[in-house]
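Per-entry structural report
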Amino acid sequence: ATGVTTMVAGTIGYMAPEVGYTGKATTESDVYSFGVVALEVVCSRRFNNLLGESCLVDYVWDMYVKGLLVQCVDPKLEGSFDEVQAVGLLSVALACLHLDANLRPNMRKVVQVLMNPDEPPIELPVTRPSGVYVSIYGFSSPPSLVRFSPNTVSMPSYSGESSNFPSELSAR
């Protein structure tokens, strides 16, 4: 065994966007996954959709933009939590979910912010970041190339010499 992964495996929603088209997990993609799990824990809601009203990430970003992040906290706690810590963790989680892997904090910074109240918070943009991805293989705007359903990911089939996909993807 060489330790090389040839197929992407993971749960949709927990995988960073770039993993879907690069096929490679990185420390930055692990940070993204941490962000999803942190949102789930604080909000007591499962990640169940990539888009739309029931998307946990969209919900938390919307509440952040409205200045109502504290309202994302699990209502079963009935206000019995430290609001500063809860909002701090939600803010860190949103930073971990940045679409640009290079703009996500590293885990050392995440731990410093969460463990040290004197550590400056991670600054978030005013609105949720958006983007189009381009890779060295010529992919652009992955949502139009990759089709998601709750349990599967499918990519369009390409064949022929003119394909700009790497041979592993076009050999279907």
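Anyway, here's the lowdown on the structure attached to this text. These figures come from a predicted structure and were not determined experimentally.

Some thoughts on the layout of surface pockets
- Looking at the second largest pocket, its volume works out to about 380 Å³.
- Looking at the second largest pocket, it is lined by 16 residues, and the ones nearest its centre are V84, Q85, G88, L89 and V113.
- Every element with two or more residues in the lining of the second largest pocket is listed here: α4 (83-96) and α5 (107-115).
- The leading source of residues in the lining of the second largest pocket is α4, at six residues.
- For the lining of the second largest pocket, the per-class residue count stands at ten nonpolar, four polar and two charged.

A short note on the environment of Y64
- With respect to the helices, strands and loops of the structure, Y64 is situated in helix α3 (residues 56-65).
- Distance from Y64 to S91, taken between C-alpha atoms, is 8.2 Å for residues 27 residues apart in sequence.
- Ignoring sequence-local partners within four residues, the contact set of Y64 consists of L69, L94, L124, P125 and V126.
- Polar contacts involving the side chain of Y64 include one to the main-chain carbonyl oxygen of P125, which spans 3.3 Å.

Digging into the packing of aromatic side chains
- Per the stated rule, a full pass over the model turns up one aromatic pair.
- On the numbers, 5.4 Å between centres and 85 degrees between planes, the contact of W61 with Y64 is edge-to-face. Remark: Y64 and W61 occur in helix α3; sequence separation between them is three residues, near one turn of the helix.
- Since its relative accessible area comes to 22%, Y64 is described here as partly exposed.
- One Lys or Arg, R45, reaches over the ring of Y59 and ends 4.3 Å from the middle of that ring.

Focus on the environment of D62
- Within the fold, D62 resides in helix α3.
- By relative accessible area, D62 is classed as partly exposed at 44%.

Some words on the packing of helix α2 (residues 27-43) against α4
- Remark: α2 packs on α4, axes separated minimally by 7 Å, with the N-to-C direction vectors making an angle of 150 degrees. Considered as vectors, α2 and α4 are oriented roughly antiparallel to each other. Both α2 and α4 take part in a crossing whose hand is left-handed. Between α2 and α4, the contacting residues are V31, Y32, F34, G35, A38, L39, V42 and C43 on the first element and L89, L90, A93 and C96 on the second.

With respect to the nonpolar core
- Counting residues in each nonpolar core, the largest one holds 32 residues, and the members touching the most others are L39, F47, V57, V60, C72 and L90.
- Residue assignment for this core shows that the elements contributing at least two residues are α2, α3, α4 and α5.
- Beyond its immediate sequence surroundings of up to four residues, C72 is in contact with V42, C43, Y59, V60, M63 and L90.

Some points on the environment of A95
- Here A95 lies in helix α4.
- A sequence separation of 30 residues divides A95 from P125, and the C-alpha atoms of the two residues are 8.9 Å apart.
- Among residues more than four places away in sequence, those in contact with A95 are R104, P105, I122 and L124.

Considering a nonpolar patch on the surface
- Taken together, the side chains of M107, V111, L114 and M115 make up a nonpolar region of the molecular surface, amounting to roughly 380 Å² of accessible area.
- Relative to the assigned elements, M107 resides in helix α5.

What counts and how
- Throughout, a residue's number is its position along its own chain's written sequence, starting from 1.
- Only residues with pLDDT of 70 or above have their local features reported here, since the model is predicted, and side-chain atom pairs are shown and tallied only from 80 upward, although totals for entire chains, interfaces and linings are computed over all residues.
- With hydrogens and water stripped out, all remaining heavy atoms of the structure feed into the side-chain values.
- Lining residues are those with an atom within 4 Å of a point, where the points come from a 1 Å grid over the protein atoms alone and group into cavities, where a 1.4 Å probe fits but cannot get out, or pockets, open sets with protein on both sides within 12 Å along at least five of seven lines.
- Grid points are joined across faces, edges and corners, and a volume is the space filled by probe spheres set on the points.
- Helix and strand labels come from DSSP, where a helix needs a run of H or I of at least four residues and a strand needs a run of E of at least two; each type is numbered from the N terminus.
- Any residue that is not Ala, Val, Leu, Ile, Met, Phe, Trp, Tyr, Cys, Pro, Asp, Glu, Lys or Arg is counted as polar, Gly included; the first ten are nonpolar and the last four charged.
- Should any heavy atoms of two residues lie within 4.5 Å, those residues are counted as being in contact.
- Pairs of N or O atoms are called polar contacts if they sit within 3.5 Å, as long as, within protein, a hydrogen donor faces a hydrogen acceptor (for residues adjacent in sequence, only side-chain-to-side-chain pairs).
- Two rings from Phe, Tyr or Trp (for Trp, the six-membered ring) form a pair when their centres sit within 6.5 Å of each other. Planes less than 30 degrees apart are called stacked, planes more than 60 degrees apart edge-to-face, and all others tilted.
- Only protein chains enter the accessibility calculation, which uses a 1.4 Å probe; a residue is then buried when its area is under 20% of its type maximum, exposed when over 50%, and partly exposed in between.
- Any Lys NZ or Arg CZ that is within 6 Å of a ring centre and within 35 degrees of that ring's normal is treated as a charge sitting over the ring.
- Every angle, taken between N-to-C directions, lies between 0 and 180 degrees, and every axis is a line fitted to C-alpha atoms, over only the stretch in contact when it is a helix.
- Under this scheme an angle from 65 to 115 degrees is roughly perpendicular, one under 35 degrees roughly parallel, and one over 145 degrees roughly antiparallel; angles in between are oblique.
- Rotating anticlockwise by less than a right angle from the far helix to the near helix defines a left-handed crossing, while the corresponding clockwise rotation defines a right-handed one.
- Here, nonpolar core refers to any group of buried Ala, Val, Leu, Ile, Met, Phe, Trp, Tyr and Cys residues whose side-chain atoms link them within 4.5 Å.
- In this analysis, a patch consists of residues with relative accessible area above 30% that form no salt bridge, clustered at 9 Å for like charges and at 5 Å for the nonpolar side chains Val, Leu, Ile, Met, Phe, Trp and Tyr.
- Areas reported here follow the Shrake-Rupley algorithm with a probe of radius 1.4 Å; residue values treat only the protein chains shown as occluding.
- Here, a salt bridge means any side-chain nitrogen of Lys or Arg that lies within 4 Å of a carboxyl oxygen of Asp or Glu.

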